[in-house]
Number of protein chains: 2
Amino acid sequence: MTARESRLEGERPPPVAAPGAPKKPTMADVARHAGVSLKTVSRVVNQEPHVRAPLQARVQAAISALGYRRNEAAARLARGATMLTLGLVMENISNEFYARLAAAVEAASAQHEALVVFGSYEESPDKERMLIESMYARGVDSLIVVPSAADHSWLAEHASLTTVFVDRVPLGLESMADAVLLDDVRGGRAATEHLLARGHRRIALISDDDGLSSVHDRASGYRTALRSAGLALDESLVVRGVFDPGQVAYEVGRLLDLPDPPTALFATNNRAAIGILHALRARPERPAYVGFDDFALADVFNPGVTVVRYDVTSLAGSAVDLLLNPSPEPRRVKVPVELVARGSGELPPG
Amino acid sequence: MTARESRLEGERPPPVAAPGAPKKPTMADVARHAGVSLKTVSRVVNQEPHVRAPLQARVQAAISALGYRRNEAAARLARGATMLTLGLVMENISNEFYARLAAAVEAASAQHEALVVFGSYEESPDKERMLIESMYARGVDSLIVVPSAADHSWLAEHASLTTVFVDRVPLGLESMADAVLLDDVRGGRAATEHLLARGHRRIALISDDDGLSSVHDRASGYRTALRSAGLALDESLVVRGVFDPGQVAYEVGRLLDLPDPPTALFATNNRAAIGILHALRARPERPAYVGFDDFALADVFNPGVTVVRYDVTSLAGSAVDLLLNPSPEPRRVKVPVELVARGSGELPPG
């Protein structure tokens, strides 16, 4: 039996107030009873100076009359707290993928009474390192990182720092660090095969920086699917290194203006899918398209946006599990993906 | 002069490496030079046990040969750190409003070298209190809260806790706490007047829990605009207490099925606007609508979604400013709002 279990067994459940039991008096009740402001009550309870004696006496009398007791939850928590604070380092929390990941990491951490500190590095590898160093310096010893920098080997200097990487393989630390990844190759392949099965032969790839393992693997699934279908890769249909939906919209317009344009598009992330939506708003063509990453409004568009999706809760839960159960050997967890057909990926070739 | 200023003046700027200067050797360089794994180097550098003596010697030799020095940034930060950790308590970070707020709070905090801990209470007032108590117990002494609970007077118990409320007035603490609010009354009025100016006379209101000051004030702006236009409020066109886009979609369908349906809708938050989009996807009617809160895809829909928007960076920046400059008197900052016409709010009556 662990120490934790024995402590729990030794504890009795807290008494439950009967439905008809009187409500515990609050500071607001004390203020009303004494006819003073809440601030005055707060000053008296917190033993701050400069409260005039008659006021102080009125507040004390109200406290006694109502049987008010200061809330001790905070003090109890402080005594029992394991002080686990988990750092979450991401590109940008206002991107829906990261916001969903943050929500899921927080929910998984709350189950272990851990708090989450977060930081965004906005595509800057220097800021990514600074953020991690800053969290480490402040006592954060458990980190979940969606890495972007080209080299993370410097992290090995902090032996006491337990780090789990999410979504992308950490370059320079492949042989040391835990990582929870999506089944990106399969996702890229499934998206492309879905389009091939509807008769598309000219399928464009719209992708981010393929130095990131996730982007690289999704593109690799795309190429495998084309090859398996006996099609040659047409480099003129491949767009790399575009991040911003505006850039993507421009590139999609350029592709659709080609003499022999694509009839379908595969976007390797949510921003690229949004860029496609932007581009198509202003154009008559109706190419099929499949995105990678689900997003809240994907089923509100007409047609709905067909995407490769995965369970963000499972992604975050696996990362927190690995953090809390460290192992000397590096581990890889692969989260499955699935294709959700909503309309945009089922359009026929022009 | 404050202690901080004098410390800063006493420091010299760190030397800047010349562009042509040799790259500082990393642990990865040491590992390559010694022909061992990064993990072995990490163990030696961190003085962990169980590294065989010959391996240890090889690593030490490589360290000397390359002039490798352990990164001391973390230690420096730890000495200089003011340990300001700011708690951010919100309903749900996966809602775009909160994600944007979190990103902006983080950016504003980073300018003051503060880290941000965040927590979501998912519409549960008990969880909201537990989260705040838990942050407090762990030494978080600066809080930004988007309040939802009906009573926050218990917060007065924690005199050392500096709290700024955002988006909504904290009930029970109105006379004590700082708050940064949107100009909700004006926003509700502007949205409704915009629709009135296009000739609409039957304008529905789709709103959240109007116990929240923001929702209450937006609805109050709506009523004021109708009254100023000489129109009576038709209670059958007012929907209250709907949160979920699915519920909103149901209510919009119900309104459009009325014998005398509304020709325009005003949604008091982003989820309600999304619910309207859901409902209209499946229906032939094209009522005009205006949302409150901008969202990333608002201009991708056709017509684009007309919204009341505001500067989230300014909302977050004001909150952080108030936190860092406490005052004995409670302060109210009102962030201006503006109407952005994108098409949906300019549709004519049926």
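Preceding block: the structure.
These notes cover the structure that comes with them. Every value quoted in this text rests on a predicted model; they were computed, and no experiment measured them.

## Concerning helix α9 (residues 213-228) of chain B
Residues and elements named next belong to chain B. Between its first and last C-alpha, α9 extends 22 Å over 16 residues, near the 22 Å set by a 1.5 Å rise per residue. For α9, the set of buried residues is S213, S214, V215, R218, A219, S220, G221, Y222, T224, A225 and L226. Residues of α9 that are buried sit in contact with β5 (178-182), α8 (184-197), β6 (203-206), β7 (238-239), β8 (264-267) and β9 (288-292). In the stretch just after α9, G230 is the one whose phi turns positive, near 75°.

## Some remarks on the relation of the copies chain B and chain A
Superposition of the two copies of the chain requires a rotation about an axis and a shift along the axis. Mapping chain B onto chain A is achieved by rotating through 180° and translating by 0.0 Å along the same axis, at an RMSD of 0.1 Å. This pairing of chains is accounted for by a two-fold axis. Taking C-alpha positions as reference, the residue of chain B nearest the rotation axis is V117 of chain B, located at 2.0 Å. Mapped onto chain A, 100% of the interface residues of chain B again fall at the interface, so both copies present the same surface.

## Description of unusual backbone geometry
All names here are of chain A. The amide bond that connects N302 to the next residue, P303, takes the cis arrangement and shows omega of 5°. Structurally, P303 can be placed in the loop between β9 (288-292) and β10 (306-309). One non-glycine residue, D167, lies in the positive phi region at around 80°.

## Remarks on the packing of helix α2 (residues 27-34) of chain A against helix α4 (residues 53-66) of chain A
Residue and element names in this part refer to chain A. Running from N to C, α2 and α4 cross one another at 120°; their axes reach a closest spacing of 9 Å. Relative to α4, α2 is oriented oblique. Once α2 is placed against α4, the crossing between them reads as right-handed. Facing α2, whose interface residues are D29, V30, H33 and A34, α4 presents R58, V59, A62, I63, A65 and L66. Considered class by class, the residues forming the contact of α2 with α4 number seven nonpolar, one polar and two charged.

## Brief notes about the interface of chain B and chain A
Listed per partner, the contact involves 62 residues of chain B and 62 residues of chain A. Summing the contributions of chain B and of chain A, the shared interface buries around 5,600 Å²; its carbon and sulfur component is 62%. One can count zero salt bridges joining chain B with chain A. On inspection of chain B and its partner chain A, the count reaches eight residue pairs in polar contact (both at pLDDT 80 or more). Taken together, the elements giving at least two residues each to the side of chain B that touches chain A come down to α2 (27-34), α3 (38-45), α5 (73-80), α6 (96-110), β2 (115-120), α7 (125-137) and α11 (270-281) of chain B.

## Structural notes on the sheet that holds strand β7 (residues 238-239) of chain A
What holds strands together in a sheet is hydrogen bonding between their backbones, with the strands either parallel or antiparallel. All names here are of chain A. With respect to topology, six strands assemble into an open sheet ordered β7-β6-β8-β9-β10-β12, the strand pairing being mixed. Looking at strand neighbours, the two that pair on one side only are β7 and β12 (338-340), the edges of this open sheet. Bridge analysis of strand β6 (residues 203-206) against strand β8 (residues 264-267) gives four bridges, and the strand direction is parallel. The residue of β8 that forms the bridge with I206 is A267. On the sheet, helix α9 (residues 213-228) packs against β6, β7, β8 and β9 and is oriented at approximately 170° with respect to β6. Against the sheet, helix α11 (residues 270-281) makes contact with β6, β8 and β9, and its axis sits at roughly 150° relative to β9, the strand it touches most.

## Things to note about the sheet that holds strand β11 (residues 332-335) of chain B
Here we have 12 strands laid out as an open sheet, ordered β11(A)-β5(A)-β4(A)-β3(A)-β1(A)-β2(A)-β2(B)-β1(B)-β3(B)-β4(B)-β5(B)-β11(B), and mixed in their pairing. Lying at the two open borders of the sheet, with one neighbouring strand each, are β11 (332-335) of chain A together with β11 of chain B. The sheet shows a mean angle of 20° between the axes of neighbouring strands, direction not considered. Pairing of strand β1 (residues 85-90) of chain B with strand β3 (residues 142-145) of chain B, which is carried by four bridges, proceeds in the parallel orientation. By the bridge assignment, V89 of chain B is partnered in β3 of chain B with V145 of chain B.

Cut-off values and rules
Residues numbered from 1 in each chain as written. Chains lettered and ligands numbered in written order. Predicted model: local features only at pLDDT ≥ 70, side-chain atom pairs only at ≥ 80, totals over all residues. Heavy atoms only, no water. Helix = DSSP H or I, 4+ residues; strand = E, 2+ residues; numbered from the N terminus. Expected span 1.5 Å × (residues − 1). Buried < 20%, exposed > 50% of the residue type's maximum accessible area, 1.4 Å probe, protein only. Contact = heavy atoms within 4.5 Å. Least-squares fit on C-alpha atoms with pLDDT ≥ 70 in both. Axes fitted to C-alpha atoms, helices over the stretch in contact; angles between N-to-C directions. Parallel < 35°, antiparallel > 145°, perpendicular 65-115°, else oblique. Left-handed = near helix turned anticlockwise from the far one by under 90°. Nonpolar A, V, L, I, M, F, W, Y, C, P; charged D, E, K, R; others polar. Buried area = accessible area lost by both parts, 1.4 Å probe. Salt bridge = Lys/Arg side-chain N within 4 Å of Asp/Glu carboxyl O. Polar contact = N/O pair within 3.5 Å; in protein donor to acceptor, adjacent residues only side chain to side chain. Pairing = 2+ DSSP bridges.

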